[in-house]
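Chain by chain, the residues:
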Amino acid sequence: MAFVDLQQDEDVAPEVRATFAAVHEEYGFVPNILRAMAHCPDLLQAFVPFWAQVYASPTIGPRLRALAALGTAKAQECTYCVAHMSASARRAGMDEHEISAVGNSVVQAQVFDPKEALILELADRLTQDPDGTTDELRKRLREAFSEAEIVNIVLAIGTYNLTSRFLKALSIDVEEIFSAPTASGAKEASS
């Protein structure tokens, strides 16, 4: 059970209700993370467009972003995040074998190409230790990615760490839609 009340549509300010409506239109439901953030409408209104842009930035594309997200979620051991990011990974074209390989460094090296494995390594290192980016790792990043891609990857991992920590600190539960049959009509979440 969540540590804070998850705000319902009828309980929130009009601008938050509009954000909820837009998110519901896009995903078929309002994620619990946003219902918790609704206690601070000003922060919610700043967070949603920022999150959406990090999530949609074309710099690294959906598959690499999904790997950064899922790698971070599994490194954080965030149940909520793993549920959401596994759904995002499926939408980005990852199969169940790939999704289950994330978080196991030995299997990752066998399943993913070197660039993808490098993103997963970075996600794990930055999640476990914010100072975990060594000169050797930076060198490998520079050899594999452009500067814009590096910035986007690191910003994505940082953003996913922020949300994981928020969700875990407040014990935000995974939405029932993730355990319900997909016949419910709602799209899988991407937050």
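Residues numbered from 1 in each chain as written. Predicted model: local features only at pLDDT ≥ 70, side-chain atom pairs only at ≥ 80, totals over all residues. Heavy atoms only, no water.

**A word on the packing of helix 1 (residues 14–27) against helix 3 (residues 41–56)**
Alright, step 1. The geometry of helix 1 relative to helix 3 is characterised by a closest axis approach of 10 Å and an angle of 35° between their N-to-C directions. Helix 3 is crossed by helix 1, and the crossing has left-handed handedness. Contacts between helix 1 and helix 3 pair Glu 15, Val 16, Thr 19 and Phe 20 from the former with Pro 41, Leu 44, Gln 45 and Val 48 from the latter.
Alright, step 2. A per-class count over the contact of helix 1 with helix 3 returns 5 nonpolar, 2 polar and 1 charged. (Axes fitted to C-alpha atoms, helices over the stretch in contact; angles between N-to-C directions. Helix = DSSP H or I, 4+ residues; strand = E, 2+ residues; numbered from the N terminus. Left-handed = near helix turned anticlockwise from the far one by under 90°. Contact = heavy atoms within 4.5 Å. Nonpolar A, V, L, I, M, F, W, Y, C, P; charged D, E, K, R; others polar.)

**Overview of the environment of Ala 22**
Alright, step 1. Inspection of the secondary structure assignment puts Ala 22 in helix 1.
Alright, step 2. According to the relative accessible area criterion, Ala 22 is partly exposed, its value standing at 48%.
Alright, step 3. Considered as a pair, Ala 22 and Asp 135 are 113 residues apart in the sequence and their alpha carbons are 43 Å apart. (Buried < 20%, exposed > 50% of the residue type's maximum accessible area, 1.4 Å probe, protein only.)

**Some details on the layout of surface pockets**
It is a probe the size of a water molecule, rolled over the atoms, that shows where empty space is left.
Alright, step 1. In this structure, the second largest pocket occupies an estimated 210 Å³ of space.
Alright, step 2. Lining the second largest pocket are 14 residues, and of these Ser 105, Gln 108, Leu 120, Glu 121 and Asp 124 sit closest to its centre.
Alright, step 3. For the lining of the second largest pocket, the element with the highest residue contribution is helix 8 (residues 114–128), accounting for 5 residues.
Alright, step 4. Among the residues forming the lining of the second largest pocket, the class breakdown is 5 nonpolar, 5 polar and 4 charged. (1 Å grid on protein atoms, 1.4 Å probe; cavity = no way out; pocket = protein on both sides within 12 Å on 5 of 7 lines; lining within 4 Å. Points joined across faces, edges and corners; volume = space filled by probe spheres on them.)

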